[in-house]
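An overview of the molecular structure
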Amino acid sequence: MTPGAIRLAAEAAERKSAEVTDWGARIAWVIGLLLFIAFVYWLMRQGWKWRGALQSDLPELPAAPGGLPEHRLALAGRYHGSTTAGQWLDRIVAHGLGVRSRVELTLTDEGLEVVRPGATDFFVPAAQLRGARLDKGIAGKVLTEGGLLVVTWAHGDTLIDSGFRSDRAAEHAAWVEAINHMNTSTTTEGAER
């Protein structure tokens, strides 16, 4: 070996390549990020509980009475949540109304039965139905124009909008017509007494 080559080899041995990864710093960043995500999740959960506490004056949801008459309409789809009527971003979370789920709706002469697997079922008596419309959004869910069936109903002193989407969106128009017709006949019958 020539003296120049020996010198180059010695210089190369003295120079040490930089470590590719600083594992200590990387682990600290990952732990910090996980703690931040856990903190944000905890804050969201506290907000949900706080909203539920604010809405604790809402009465318990009525259950469907036994022996309901023949249904007018039935629908399978998704329940997207409930809000204060007319305020599509004011989500109601009390009594499980804020939980999204699959849904089976049944409209009878007695009212609207809402069956939600994995969530609280409830029943809206015909006298408490205030109307239905097609809309494009409700808290946390925005669809195309007319993609959401919104049913307005009274519960205690509160008017509530509940959002549903059928697996077959073409069914929505029939639901709007049937519920609005029920509302008209219920109001007319009440006025005659």
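1. Here we look at the packing of aromatic side chains
Scanning all chains against the criterion turns up 4 aromatic pairs. A centroid spacing of 5.5 Å and a plane angle of 55 degrees characterise the contact between tyrosine 79 and phenylalanine 164, whose relative ring orientation is tilted. Within this pair, whereas tyrosine 79 is found in strand β1 (residues 73–84), its partner phenylalanine 164 is found in strand β10 (residues 158–166), the two being separated by 85 residues in sequence. No difference in accessibility class separates tyrosine 79 from phenylalanine 164, as the two residues are buried. Members of the aromatic cluster, connected to one another through ring pairs, are Tyr79, Phe122, Trp153 and Phe164. Above the ring of tyrosine 79, the side-chain terminus of arginine 116 is found at 4.5 Å from the ring centroid.

2. A word on the side chain of arginine 91
You can see arginine 91 is positioned in strand β2 (residues 91–92). For arginine 91, which is buried and forms no salt bridge, the nearest opposite charge comes from aspartate 90, at a distance of 8.8 Å. Side-chain polar atoms of arginine 91 contact the backbone oxygen of glycine 98, separated by 3.4 Å.

3. Topic: the pattern of salt bridges
Taken as a whole and assessed by the stated rule, the structure comprises 5 salt bridges. Arginine 133 is the partner of aspartate 135 in a salt bridge, and the nearest nitrogen-oxygen pair spans 3.2 Å. Arginine 133 sits in the partly exposed class, given a relative accessible area of 32%. One continuous salt-bridge network, built from bridges that share partners, spans Arg133, Asp135 and Asp161.

4. Some remarks on the pairing of β10
Alignment of β1 against β10, held across 7 bridges, turns out to be antiparallel. Note that in β10 the partner of glycine 77 across the bridge is serine 166.

5. A look at the environment of isoleucine 92
Tracing the backbone shows isoleucine 92 in strand β2. Every residue in contact with isoleucine 92, bar those within four places of it in the chain, is listed here: Gln55, Leu58, Ser82, Thr83, Thr84, Leu97, Gly98 and Ile160.

6. Concerning the side chain of aspartate 161
For aspartate 161, the position within the fold is in strand β10. Residue classification places aspartate 161 among the buried positions, given a relative accessible area of 3%. At 3.2 Å, the side chain of aspartate 161 and the side chain of arginine 133 are in polar contact. Beyond its immediate stretch of four places on either side in the chain, aspartate 161 contacts Gly81, Ser82, Thr83, Thr84, Ala85, Gly86, Arg133, Ile138, Val150, Val151 and Thr152.

7. Looking at the nonpolar core
Counting residues in each nonpolar core, the largest one holds 27 residues, and the members touching the most others are Leu112 and Val151. Residue assignment for this core shows that the elements contributing at least two residues are β1, β3 (101–107), β4 (111–115), β5 (122–125), β6 (129–135), β9 (148–155), β10 and α3 (172–192). Ranked by residues supplied to this core, first place goes to α3 with 5 residues. For valine 151, the contacting residues outside a window of four places in its chain are Leu112, Leu129, Gly131, Ala132, Ile160, Asp161, Ser162, Phe164 and Ile179.

8. Description of the environment of threonine 106
The topology assignment puts threonine 106 in strand β3. For the pair threonine 106 and glutamate 70, spaced 36 residues apart in the sequence, the C-alpha separation amounts to 9.6 Å. When residues no more than four places from it in sequence are discounted, the contact partners of threonine 106 are His71, Leu73, Gly111, Leu112, Glu113 and Trp175.

9. Section: the confidence of the model for the protein
A residue-level look at the protein finds 89% of positions with pLDDT of 70 or above and a mean pLDDT of 83. Mean pLDDT across the elements of the protein ranges from a minimum in helix α1 (residues 3–14), with 70, to a maximum in β3, with 92.

10. Comments concerning unusual backbone geometry
The backbone of histidine 95 sits at a positive phi, close to 60 degrees, despite the residue not being glycine. Mapped onto the fold, histidine 95 is located in the loop between β2 and β3.

Rules used throughout
Each residue is numbered by its place in its chain's sequence as written, counting from 1. Predicted model: local features are reported for residues with pLDDT of at least 70 only, side-chain atom pairs are reported and counted for 80 or more only, and whole-chain, interface and lining totals are derived from all residues. Only hydrogens and water are removed before side-chain values are computed, so all heavy atoms of the structure are retained for them. Geometry of aromatic contacts follows a simple scheme: Phe, Tyr and Trp rings, the Trp one being its six-membered ring, pair when their centres are within 6.5 Å, and the pair is stacked under 30 degrees between planes, edge-to-face over 60, tilted otherwise. Every helix listed is a DSSP run of H or I at least four residues long, and every strand listed is a run of E at least two residues long, numbered separately from the N terminus. When a residue's accessible area, from a 1.4 Å probe over protein chains only, is under 20% of the maximum for its type it is buried; when over 50% it is exposed; and in between it is partly exposed. Placement of a charge over a ring requires the Lys NZ or Arg CZ to be within 6 Å of the ring centre, with the centre-to-atom vector within 35 degrees of the ring normal. Only four residue types enter the tally: Lys and Arg on the positive side, Asp and Glu on the negative side; His and the chain ends are excluded. The term salt bridge refers to a pairing of a side-chain nitrogen on Lys or Arg with a carboxyl oxygen on Asp or Glu at a separation within 4 Å. Polar contact criterion, stated in full: a pair of N or O atoms within 3.5 Å, where within protein one must be able to donate a hydrogen and the other to accept it, and residues adjacent in sequence count only if both atoms are side-chain atoms. The rule for pairing is simple: two strands pair if DSSP sees at least two bridges between them. By definition in these notes, contact holds between two residues if any of their heavy atoms fall within 4.5 Å. As used here, the term nonpolar core means buried Ala, Val, Leu, Ile, Met, Phe, Trp, Tyr and Cys residues forming a set that is joined through side-chain atoms within 4.5 Å. Confidence of the predictor at the level of single residues is captured by pLDDT, which takes values from 0 to 100.

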